Amino acid sequence: MRVHFIIHESFEAPGAYLAWAALRGHEVSITKVYQFEGLPESVGDFDMLIVMGGPQSPSSTQEEFPHFNAGAEIALIKKAIQADKYIIGVCLGAQLLGQAYGGTCIASPEREIGNFPIELTQAGQADSRLSHIPQGLVVGHWHGDMPGLVEGAQILATSQGCPRQIIAYSQKHFGFQAHLELTKDLVRQLLAQEKDIEGDSQKYSYVQGADAILTYDYDQMNQALYQFLDKLSQS
């Protein structure tokens, strides 16, 4: 399988998504948007598109982020949808996927930074690709917004702080507001971008301090992600 990643910032790395692709021997290509690399001209060059996160939102302008063109990414995602490619959007990527389907990104009820449990909905429990995920699995979070919904989309998982953690837009297109790809190296990079994580952990119910984030064992959520990707890519 040919897997293409769109990465918006060096500190929003693919983590376990990239590790899975390497472990399974998939052919990997990457667009590093933060280095002003161009998006793929053709969706025929990949079988799976994974669009990663970033501090941007689908409404961010190029005046704010000169390297980020939301319209161009949404157009590419639409082409991939029409071509029946596998698509996974992560955080910002999930919001862009929702926009490509005609939804509107909105603010999450709560800001979430750290590791908190998710719960599968009835639709999530019925989806064989998520059947290995236990209720209450603790996964990573790093967001203030959430993807838009459209008719036919199914919410597969929620958290106490956000009602849209995993969304299926189709049998091949999934938005993950949650970050199952996090590793300790990745969270160190993310924490370096936070101005006052300790202060925020005192102000917000779903923001953890640096020590709690750095000492967490990310293996279980990574393994859950590997199993989901295996099932998706074989479906």
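The model shown is predicted, which means the values in this text are computed figures rather than measured ones.

Cut-off values and rules
Residues numbered from 1 in each chain as written. Predicted model: local features only at pLDDT ≥ 70, side-chain atom pairs only at ≥ 80, totals over all residues. Heavy atoms only, no water. Helix = DSSP H or I, 4+ residues; strand = E, 2+ residues; numbered from the N terminus. Rg over C-alpha atoms; globule rule 2.2 N^0.38 Å. Buried < 20%, exposed > 50% of the residue type's maximum accessible area, 1.4 Å probe, protein only. 1 Å grid on protein atoms, 1.4 Å probe; cavity = no way out; pocket = protein on both sides within 12 Å on 5 of 7 lines; lining within 4 Å. Points joined across faces, edges and corners; volume = space filled by probe spheres on them. Nonpolar A, V, L, I, M, F, W, Y, C, P; charged D, E, K, R; others polar. Phe/Tyr/Trp six-rings, centres within 6.5 Å; stacked < 30°, edge-to-face > 60°. UniProt positions renumbered as here; feature names shortened; annotations may be inferred. Pairing = 2+ DSSP bridges.

Draft legend 1. The overall build of the protein chain, seen in detail. Within the protein chain, the secondary structure is distributed over eight helices and nine strands. The C-alpha atoms of the protein chain give a radius of gyration of 16 Å, which matches the 18 Å a tight globule of 235 residues would have. For the protein chain, the spread of C-alpha atoms along the three principal axes comes to 45 × 45 × 35 Å. A burial count over the protein chain gives 54% of its 235 residues as buried.

Draft legend 2. Quick peek at the layout of surface pockets. Quantified by volume, the largest pocket comes out at close to 370 Å³. Lining the largest pocket are 18 residues, with Glu12, Gly54, Pro55, Trp142 and His143 sitting closest to its centre. Considering every element that reaches the lining of the largest pocket, the biggest residue donor is strand β6 (residues 137-146), with four residues. Taken together, the residues of the lining of the largest pocket sort by class into seven nonpolar, seven polar and four charged.

Draft legend 3. Region of the structure containing the packing of aromatic side chains. In total, this model carries five aromatic pairs according to the counting rule given. Between Tyr101 and Tyr169, the aromatic rings sit 5.2 Å apart at their centres with planes inclined by 20 degrees, giving stacked as the arrangement. With Tyr101 in the loop between α3 (92-100) and β5 (106-120) and Tyr169 in the loop between β8 (166-168) and β9 (173-176), this pair connects stretches of sequence that are 68 residues apart. The class of Tyr169 is buried, set by a relative accessible area of 7%. The interplanar angle of 65 degrees and the centroid separation of 5.1 Å between the aromatic rings of Phe176 and Phe228 together place this pair among those described as edge-to-face. Of the two residues, Phe176 is situated in strand β9 and Phe228 in helix α8 (residues 219-233); the sequence distance between them amounts to 52 residues. Here Phe176 matches Phe228 in class, with each residue buried.

Draft legend 4. Structural detail: the UniProt feature "domain: Glutamine amidotransferase" (unreviewed entry) in the protein chain. When the UniProt feature table is mapped onto this chain numbering, "domain: Glutamine amidotransferase" (unreviewed entry) sits at residues 26-184. End C-alpha atoms of residues 26-184 are separated by 24 Å, and the span's content is 18% helix alongside 33% strand.

Draft legend 5. Up close: the pairing of β5. The sheet contact formed by β5 and β6 spans nine bridges and is antiparallel. Residue pairing in the sheet places Glu112 in a bridge with His143 of β6. Direction of pairing for β5 relative to strand β7 (residues 154-158): antiparallel, over a ladder of two bridges. By the bridge assignment, Glu119 is partnered in β7 with Thr158.

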